[in-house]
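Breakdown of the fold
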Amino acid sequence: MDSQTIGLVVGAVLLAIVLLIGWAVWARVPSKITVRSLWVHPIKGCRGSAVASARIDRLGLENDRRLMVIEEGAELDGATHRFVSQREVAKMATINPTVAVDGTIHVTAPGMKELVVDPRPSKGQQHSTREVQVWSDVVTTSLVSADADRWFSNFLGRPVELVRTTGTDSHRRPLSQKYFDSSSTKFNVAAPFADGYPMLLLGAASVDELNYRIPQPSGRIPAASFRPNIVVGGSTAWDEDTWSRVRVGSVEMALVKPCSRCQVPNVDQRTGERRPRYEPLRTLKTYRGFGEEVYVGENAVQLNLGTISVGDVVTILDRREPRKYGVAAESSK
C-alpha cells in the first residue's frame, strides 16, 4: 500500500471518529423545546388562524374565542340559547375569521361576501343580551349586529346569532375548581366561551406519532385539527402528558388536565367535511383511551400575563406522573 493510499485510509478513519464523537455529543444534548406555532380561534367553532405572537390576558390568548354563534334552545334554567359548533355543523370549519391590524374580525366563507365585525362593544351603546348555555354554565353575552346574524344564518342555513364577550364580571365563566384553584392567581382567570380552560397546548411530535399509526389512505392529520393554541416542537411524542407547569417565553402556565376529545378532530378544517374512516379518533381509541374518552393535548391556565411568540423557548418547570392510556372503553351512552 503506497503512502497516498495510507493517507486516505487514515484520513477516512479520523473523519469517522470525529463524526462518531460529534453524534455522541449531539445525542446527549437535549433538544430545545420551542413554540412551533400559535393559533387563535376568533369565533368559537370556526376555523383557526395562525399568528406570529399573541398577548395573553386573563381570558387566554387575545382574540381567541371572544365571539360565538348561538341558536335558540337550552337545557339549563336561566338560559335561552346554546352555542353552535362543528360537532353538529361541520361546515363551520370553512368560516375563516382573521384579525385585522385595527382589531376588527374579517370573516370569509365560500360563496359569501366578506363580513367585518368588531369584537369590542361600542362605547355608550346599549346592546341586547342573550343568556347562553356553555356546557354546564350560563353566560351573559351581547349581540354583535343584525348584519352578522343575517350573514351567519344565510351561510349555515339555520337561524343563528353572533354574540360577543366583553370580559366584564357579568360575562365571566369561572374555571372548574376541581383541577385548578383560581384564587392562586392575582387576576380573575376565566374562560367565557372556551370549552373548559383558557388555552390548549399540544406537542407536534405527538401529532407526528399519531400520523405514523393512522392508515395512509386516510391522509395526514394536521395539528390544527385539534384546535390548539400553542403547538410546541422539540419534545418527544406525548411528553406533554408529564408536564404540570411550564414557562413559555416569559409566561408561566399550569397544565391542569389532559383534554378529552369529541368528534371535531374528525372534521377536515380545510373542507368542512368529516373525514372517512372516522380518523383520527378511530386510531386514538386504540391507544389514547382512558375510560370511555380519548385524550390529546393539555388544558393550560396562565399564571401571569404577557406576550408569547413563535420561537419562544418552552421550559419545563415541573412534571407529574402521567395517566396510563390504553384502548378506550365502549361508550355506554
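Presented here is a report on the structure given in the accompanying data block. This structure is a prediction, so every number in the text was calculated from the model and none was measured. (Residues numbered from 1 in each chain as written. Predicted model: local features only at pLDDT ≥ 70, side-chain atom pairs only at ≥ 80, totals over all residues. Heavy atoms only, no water.)

**Some thoughts on the pairing of strand S15 (residues 230-233)**
- Alternating residues of S15 divide into Ile 230 and Val 232 and Val 231 and Gly 233, and every residue in both groups is buried.
- Two strands pair when backbone bridges link them, and strand S1 (residues 34-40) and S15 are joined in this way by four bridges, in the antiparallel orientation. Following the sheet pairing, Thr 34 is matched in S15 by Gly 233.
- Two elements, strand S14 (residues 199-203) and S15, share three bridges in a ladder whose sense is parallel. (Buried < 20%, exposed > 50% of the residue type's maximum accessible area, 1.4 Å probe, protein only. Helix = DSSP H or I, 4+ residues; strand = E, 2+ residues; numbered from the N terminus. Pairing = 2+ DSSP bridges.)

**With respect to helix H2 (residues 146-156)**
- Along H2, the residues classified as buried are Ala 148, Asp 149, Trp 151, Phe 152, Ser 153, Phe 155 and Leu 156.
- Tucked into the core, H2 has its buried residues touching strand S2 (43-44), strand S6 (67-72), strand S9 (105-108), strand S10 (115-117), strand S12 (137-143) and strand S13 (161-164). (Contact = heavy atoms within 4.5 Å.)

**Some words on the pairing of strand S19 (residues 293-302)**
- Extensive coverage of S19 is indicated by the burial of nine of its ten residues.
- Taken together, the six bridges between strand S17 (residues 251-260) and S19 define a ladder with antiparallel strand orientation. Residue pairing across strands places Ala 254 opposite Val 301, the latter belonging to S19.
- Here strand S18 (residues 289-290) runs beside S19; their pairing, made up of two bridges, is antiparallel. Within S19, the residue paired with Phe 290 across the bridge is Glu 293.
- What sits between S18 and S19 in their antiparallel hairpin is a turn of two residues, with Gly 291 showing a positive phi close to 70 degrees.

**Points about the sheet that holds strand S4 (residues 53-57)**
- Ordered in space as S5-S4-S20, the three strands form an open sheet in which the pairing is antiparallel. Strands at the two margins of the open sheet, each flanked by one partner only, are strand S5 (60-61) and strand S20 (306-309).
- Summarising the sheet, S4 and S20 pair through four bridges and their orientation is antiparallel. Within S20, the position partnered with Ser 53 by the bridge is Ser 309.

**Points about the environment of Leu 59**
- Following the sequence through the fold, Leu 59 ends up in the loop between S4 and S5.
- Sequence separation between Leu 59 and Val 301 is 242 residues; the distance between their C-alpha atoms is 9.2 Å.

**A short note on the packing of aromatic side chains**
- All told, the structure shown has seven aromatic pairs when counted by the stated rule.
- Ring geometry for Tyr 295 and Tyr 325: centres 5.9 Å apart, planes at 40 degrees, overall tilted. Placement of Tyr 295 in strand S19 and of Tyr 325 in the segment after strand S21 (314-319) is noted, with a sequence separation of 30 residues between them. Pair check on accessibility: Tyr 295 and Tyr 325 agree, each one buried. (Phe/Tyr/Trp six-rings, centres within 6.5 Å; stacked < 30°, edge-to-face > 60°.)

**Let's talk about the sheet that holds S9**
- In space, the three strands of this open sheet follow the order S8-S9-S10, with antiparallel pairing throughout. Taken across any chain shown, the strands that pair with only one partner, and hence form the sheet edges, are strand S8 (96-99) and S10. On average, adjacent strands in this sheet sit at an angle of 25 degrees to one another, irrespective of strand direction.
- Pairing of S9 with S10 involves three bridges; the strand directions are antiparallel. Looking at the pairing, His 106 lines up with Val 116 of S10.
- H2 contacts S9 and S10 of the sheet and is inclined by roughly 140 degrees relative to S10. (Axes fitted to C-alpha atoms, helices over the stretch in contact; angles between N-to-C directions.)

**What to know about empty space enclosed by the protein**
- Scanning the entire structure with this criterion turns up one cavity of 30 Å³ or more.
- Lining the largest cavity, in full, are Leu 59, Asp 64, Arg 65, Arg 66, Ala 191, Pro 192, Phe 193, Ala 194 and Pro 198.
- Here the residues of the lining of the largest cavity sort into six nonpolar, no polar and three charged. (1 Å grid on protein atoms, 1.4 Å probe; cavity = no way out; pocket = protein on both sides within 12 Å on 5 of 7 lines; lining within 4 Å. Points joined across faces, edges and corners; volume = space filled by probe spheres on them. Nonpolar A, V, L, I, M, F, W, Y, C, P; charged D, E, K, R; others polar.)

Such coordinate-based values are descriptive only and should not be taken to indicate function.
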